[in-house]
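Chain by chain, the residues:
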Amino acid sequence: MQYLVSVIDDRTASATPDEMSAINAFNDRLVAEGHWVFAGGLASPGTATVIDNRGGEAMLTDGPFLESKEYLAGLWIIRAPDLDVALKLAAEGSKACNRKVEVRPFLGG
Amino acid sequence: MTVAGVREAITRAHHEEWSRVVAALARRFGDLDVAEEAAAEAFAAAVERWPADGVPPSPGAWLATTAGRKAIDRVRRESKRADKQKEAQLLYDDDPAEPLGAIDDDRLRLIFTCCHPALAMESRVALTLRLVGGLTVAQIARAFLVRETAMGQRITRAKAKIKAARIPYRVPSAEDLPARVSGVLAVLFLVFNEGYLATGPDTDPVRPDLTAEAIRLGRLLRTFMPEDGEVAGLLALMLLTEARRTARVSAGGELVALDEQDRGAWDAALIAEGHQLVRERLAAAAAGAAPGRYQILAAINAVHTSARDVRDTDWSQVVALYDQLVRLDPSPVVALNRAIAVAELDGPEVALAAVNRLEPELAGYHAYHATRADLLRRLGRGRESRAAYDRAIELAGNTAETAALTRRRDRLR
């Protein structure tokens, strides 16, 4: 079963060196214990471009699809046998990156 | 067997066997939907067949077998719809390494799953009443003044989340157990309180069906976890509160305060059972187990229910217990209840000063104003008392409570 752990941010500054080293230690643990699938940080929402090609002509819009105070700052994809394990890991992830996180299962994961 | 006898047997089987049947199916089929519907079908079959065929010698076994067959039928029907994944899920079982302990029971797994902290509180309450309590969606909807379709959707959504996010069907590990048990107790206490003092103006002020259900679930939980102090504490608290239920509402539909209740109308059997539990926990506390909030609240209620006359109440004991509770839970509501006891011990003036300090946090809470009103009345400050009653009446939702407050206000000169 795979879960998306989204990092929710409301600040503009990226991770501090302390936060980075905590995130790296947490990532190492995910790898060592077999939970690791993927992780990455995202550039600020202002760097996003929305593309809509449903009409056959790609329309580009500058900026994120949703303007909000809180935004997605990064993500983990983890492997866990059930939600309890995923929640425990996500709680540690939240502590490591010093931000709120959201846990969401992949469909048919 | 008479028609009434069969009906009684079905009701009893429903009480005793519903959660057992649902829980066993949920584990076997790894799917709460299948479990719930197959259990409902089995009970429907009992209603149809038992009057003609007679009540089977072992109703529980009959229901379990019938429900199992219904579930298999349903899974087969669904897997024919080209859904091989369902069959794979049939095989999904929880960790087989889990030790078989005193608390290993499918129903306990069911309770912990329904009360999982990843579900919203209102979903936990609804799921617990449906899957563990066996109430119908219509009954739960009525209890919480929600339309039946909305309640049905709430339950469906919760079950869908359990399945999609794979909330495990498992008794939590020892390390997580205390926090998870307190989550289960919170659900039971919420159900009980909604029955004990219904919040809405459009419902009966007291809902004995809900208080009875919460007590039944509390007793069930205690059979699984007889050593857990807070489980015993909550059960004792509910029993000692329920014991006063009939004395709590007057013939005219007014809430009757503790000091005005006819103590002869209290239920002696429930009180005895509650006192027994409190004594058990006092012994455990004497042996060094720190009591939690439910145990302390139960002890406070034990002091009240030990007094044959309100004048015999051991108020210093009540205040001492509240002191203990404040250390555990320094919330303004606890402080307010402590002040009510202080009024009896040290007089209304001391109590009023304590209550007034809570104004910033409790200005929107009817009990704050009702307490002030009573204290001001006792101090002969009629005009201020009347204003406080007015505010309390404005904020109170429960009809019996509004009636009692209005009467008290109108008695002021």
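Residues numbered from 1 in each chain as written. Chains lettered and ligands numbered in written order. Predicted model: local features only at pLDDT ≥ 70, side-chain atom pairs only at ≥ 80, totals over all residues. Heavy atoms only, no water.

## Concerning the domain arrangement of chain B
No. 1: Once the domains are mapped, chain B shows domain 1 (3-91) and domain 2 (314-413).
No. 2: Computed from C-alpha atoms alone, the centre-to-centre distance between domain 1 of chain B and domain 2 of chain B is 51 Å. (Domains from an automatic or database assignment.)

## Details of the interface of chain B and chain A
No. 1: Listed by partner, the interface residues are 12 residues for chain B and 10 residues for chain A.
No. 2: Buried surface at the junction of chain B and chain A, summed over both partners, amounts to about 820 Å²; 50% is from carbon and sulfur atoms.
No. 3: Of all residues in chain B, the largest losses of buried area upon contact with chain A belong to Ala164(B), Ala165(B) and Arg166(B), amounting jointly to 44% of the total for that side.
No. 4: Between chain B and chain A we count four salt bridges in total.
No. 5: Residue Arg170(B) is joined to Asp82(A) by a salt bridge in which the shortest nitrogen-to-oxygen separation is 2.8 Å.
No. 6: Where chain B packs against chain A, one counts six residue pairs in polar contact (both at pLDDT 80 or more).
No. 7: Among the residues forming the side of chain B that touches chain A, the class breakdown is five nonpolar, two polar and five charged. (Contact = heavy atoms within 4.5 Å. Buried area = accessible area lost by both parts, 1.4 Å probe. Salt bridge = Lys/Arg side-chain N within 4 Å of Asp/Glu carboxyl O. Polar contact = N/O pair within 3.5 Å; in protein donor to acceptor, adjacent residues only side chain to side chain. Nonpolar A, V, L, I, M, F, W, Y, C, P; charged D, E, K, R; others polar.)

## What to know about the packing of aromatic side chains
No. 1: A full pass over the atoms with the stated rule returns five aromatic pairs over all chains.
No. 2: Considering the side-chain rings of Phe26(A) and Trp76(A), the 5.2 Å spacing of their centres and the 90° angle between planes classify their relative orientation as edge-to-face. Placement of the pair is Phe26(A) in helix α1 (residues 17-32) and Trp76(A) in strand β5 (residues 71-79), with a sequence separation of 50 residues.
No. 3: Owing to a relative accessible area of 7%, Phe26(A) belongs among the buried residues under this scheme.
No. 4: Judged by its relative accessible area of 5%, Trp76(A) is buried.
No. 5: Ring centres 5.4 Å apart and planes at 80° place the aromatic pair Phe189(B) and Tyr294(B) in the edge-to-face group. Here Tyr294(B) lies in helix α14 (residues 293-306) and Phe189(B) lies in helix α9 (residues 177-196), a separation of 105 residues in the sequence.
No. 6: Across from the ring centre of Tyr196(B), 3.5 Å away, lies the NZ or CZ of Arg248(B), which sits over that ring. (Phe/Tyr/Trp six-rings, centres within 6.5 Å; stacked < 30°, edge-to-face > 60°. Helix = DSSP H or I, 4+ residues; strand = E, 2+ residues; numbered from the N terminus. Buried < 20%, exposed > 50% of the residue type's maximum accessible area, 1.4 Å probe, protein only. Lys NZ or Arg CZ within 6 Å of the ring centre and 35° of its normal.)

## Considerations on α1(A)
Residue and element names in this part refer to chain A.
No. 1: The end-to-end C-alpha distance of α1 is 23 Å, a good match for the 22 Å that 16 residues give at a rise of 1.5 Å each.
No. 2: Regarding α1, the residues found buried are Glu19, Ile23, Phe26, Asn27 and Leu30. End-on view of α1: buried residues confined to an arc of 105°, all on one side of the axis. In α1, the exposed residues that point more than 90 degrees away from the buried face are Pro17, Asp18, Asp28, Val31 and Ala32.
No. 3: Elements that come into contact with the buried residues of α1 comprise β2 (36-41), β5 and α2 (83-97).
No. 4: Once α1 finishes, Gly34 follows within two positions and takes phi at roughly 80°, a positive value. (Expected span 1.5 Å × (residues − 1). Arc of directions from axis to C-beta.)

## Thoughts on the environment of Ala46(B)
Residues and elements named next belong to chain B.
No. 1: Topologically, Ala46 is positioned in helix α2 (residues 32-53).
No. 2: Remark: the alpha-carbon pair of Ala46 and Val132, spanning 86 residues in sequence, is separated by 19 Å.
No. 3: Setting aside residues up to four positions removed in sequence, Ala46 forms contacts with Ile10, Pro51, Trp62 and Leu63.

## Topic: unusual backbone geometry
No. 1: Unusually for a residue other than glycine, Asn98(A) sits at a positive phi of about 60°.
No. 2: Mapping Asn98(A) onto the fold places it in the loop between α2 and β6 (100-105).
No. 3: In this structure Asn98(A) comes out as partly exposed when scored by relative accessible area, which is 43%.
No. 4: Non-glycine residue Arg166(B) carries a positive phi angle of around 55°.
No. 5: Residue position: Arg166(B) is located in the loop between α8 (148-164) and α9.
No. 6: Since its relative accessible area comes to 28%, Arg166(B) is described here as partly exposed.

## Overview of the packing of helix α6 (residues 121-132) of chain B against α9(B)
Residue and element names in this part refer to chain B.
No. 1: The geometry of α6 relative to α9 is characterised by a closest axis approach of 10 Å and an angle of 80° between their N-to-C directions. The angle between α6 and α9 places the two elements in the roughly perpendicular class. In this structure, α6 contributes Met121, Arg124, Val125, Thr128 and Leu129 to the contact, and α9 contributes Ala186, Val187, Leu190 and Val191.
No. 2: Taken together, the residues of the contact of α6 with α9 sort by class into seven nonpolar, one polar and one charged. (Axes fitted to C-alpha atoms, helices over the stretch in contact; angles between N-to-C directions. Parallel < 35°, antiparallel > 145°, perpendicular 65-115°, else oblique.)

## Brief notes about the side chain of Arg154(B)
Residue and element names in this part refer to chain B.
No. 1: Of note, Arg154 is situated in helix α8.
No. 2: Assessed through its relative accessible area of 14%, Arg154 is described here as buried.
No. 3: Discounting residues that sit within four places of it in the chain, Arg154 has contacts with Glu122, Ser123, Ala126 and Val146.

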